[in-house]
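Letter by letter, the chains look like this.
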Amino acid sequence: MTKEEKRPRIGVLAIQGDFAAHAEALAESGAEAVAIRKPEELASVDGLILPGGESTTMLKFLERGGFLDALRAFGATKPVFGTCAGAILLAREVRHPAQVSLGLLDIVAERNAYGRQIDSMILTVPTSLGGEPLEMVFIRAPRIAETGPAVEVLARRDGAPVLVRQGRIMAATFHPELSADRRVHRLFVDIVTADSV
Ligand code: GLN
């Protein structure tokens, strides 16, 4: 099999938010990116990224046509990576204010938790990914207030988890697609590749 044939197909939810930046990051990390706009398109991918954006706006769209249930069913068997608003969508519970979520990741997410003045910033943070500390772009980021026992914390900002993994489900409260460093996308591509053999 050639290298080209082995590239996993990873969907990026493309109803709102930055599909293009995630697609580029996935391509640079050895995967093929596919825009997902309808629940039935999930059948054609091996993994899925839920991008940043505005989780409330995304929910309005997802609550129609059984999309939320389709995402829950997908995440029950396939890898899913949520960034920022996508991490909020994955959570077991959302606060500040409470809203519907997929419950695929055992975390409690508090929306817009950093207050107005420091709500968007770029930090360089140590991680357990190996190598140098990682540049992290935070944009009106949520705070992971609680993690369940099965959740592995890969990086923290001021004590709060910012990059977590629970088996094949991953979440970042920052936007790895907006930095040049591809370690986070590469980890997700590795998870998808391991899961789909
Ligand atoms: N503040 C947004 C929300 O609550 C998330 C921001 C982002 O995805 N950059 O959904």
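Provided above is the structure to which this section pertains.
Residues numbered from 1 in each chain as written. Predicted model: local features only at pLDDT ≥ 70, side-chain atom pairs only at ≥ 80, totals over all residues. Heavy atoms only, no water.

A few points about the nonpolar core
Counted only if it meets this: Here, nonpolar core refers to any group of buried Ala, Val, Leu, Ile, Met, Phe, Trp, Tyr and Cys residues whose side-chain atoms link them within 4.5 Å. The buried label applies to any residue whose accessible area, calculated with a 1.4 Å probe on protein chains only, is under 20% of its type's maximum; exposed applies above 50%, and partly exposed to all values in between. Strands here mean DSSP runs of E at least two residues long; helices mean DSSP runs of H or I at least four residues long; both are numbered from the N terminus.
Counting residues in each nonpolar core, the largest one holds 32 residues, and the members touching the most others are I36, L50, L62, L90, L102 and L105. Among the secondary structure elements, those contributing two or more residues to this core are β2 (32-36), β3 (47-50), α3 (55-62), α4 (67-75), α5 (85-90), β5 (91-95), β6 (105-110) and β12 (169-172). The leading source of residues in this core is α5, at 5 residues. Within the second largest apolar cluster, 26 residues are counted, among which are V12, F81, F138 and F188.

Brief notes about the pattern of salt bridges
Quick note on the threshold: Any Lys or Arg side-chain nitrogen found within 4 Å of a carboxyl oxygen on Asp or Glu counts as a salt bridge.
Taken as a whole and judged by the stated rule, the model has 11 salt bridges. In this structure, R111 engages E54 in a salt bridge whose closest nitrogen and oxygen atoms are separated by 2.8 Å. In this pair, R111 sits in the loop between β6 and β7 (120-125) while E54 sits in the loop between β3 and α3, placing the two residues 57 residues apart along the sequence. Of the charged contacts in the structure, one is a salt bridge between D106 and R92, with a shortest N-O distance of 2.6 Å. Here D106 is found in strand β6, whereas its partner R92 is found in strand β5, with 14 residues between them in sequence.

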